[in-house]
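# Understanding the architecture of this molecule
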Amino acid sequence: QEKEEEIQVGDEIETPSGLNGYVVNFTDDELVHYVSSEGRFGTMGMSAVSKTGRHFSEIAEVLQKMKES
């Protein structure tokens, strides 16, 4: 269950301002990097965002393919 609660690449998140975004990376210093539904990139502390419950595994797959090539 703890794994489900952790933020993962591909998760949809909501920021305190109500903006939804899609996680593209996160760092050890508790920062999450996301792209919004409007195509804007942002960085925010993990404790400031909440998961919506939606997950898009395709995001992680595309990023992995980019790393491989």
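Residues numbered from 1 in each chain as written. Predicted model: local features only at pLDDT ≥ 70, side-chain atom pairs only at ≥ 80, totals over all residues. Heavy atoms only, no water.

Our next topic: the side chain of T15. Among the secondary structure elements, T15 is positioned in the loop between β1 (11–14) and β2 (20–26). Residues in contact with T15, not counting those within four places in the same chain, are Y34, M44 and V49. (Helix = DSSP H or I, 4+ residues; strand = E, 2+ residues; numbered from the N terminus. Contact = heavy atoms within 4.5 Å.)

Turning next to the sheet that holds strand β5 (residues 50–55). What the 5 strands build is an open sheet, ordered β4-β3-β2-β1-β5; its pairing is antiparallel. Edge strands, defined here as strands with exactly one partner in the open sheet, are β4 (41–45) and β5. Between one strand axis and the next, the sheet turns by 40° as a mean value, whatever way the strands run. As defined by bridge partners, β2 adjoins strand β3 (residues 31–36) across 5 bridges and the pair is classed as antiparallel. Across the sheet, residue F26 finds its bridge partner in β3, namely V32. (Pairing = 2+ DSSP bridges. Axes fitted to C-alpha atoms, helices over the stretch in contact; angles between N-to-C directions.)

Bridge count for β1 against β2 is 3 bridges, and the pairing is antiparallel. Looking at the pairing, I13 lines up with G21 of β2. Taking the residues that link successive antiparallel strands as the turn, the β1-β2 hairpin has 5 residues, and the phi of G18 there is positive, at about 95°. Linking β2 to β3, which pair antiparallel, is a turn of 4 residues; within it E30 sits at a positive phi near 70°.

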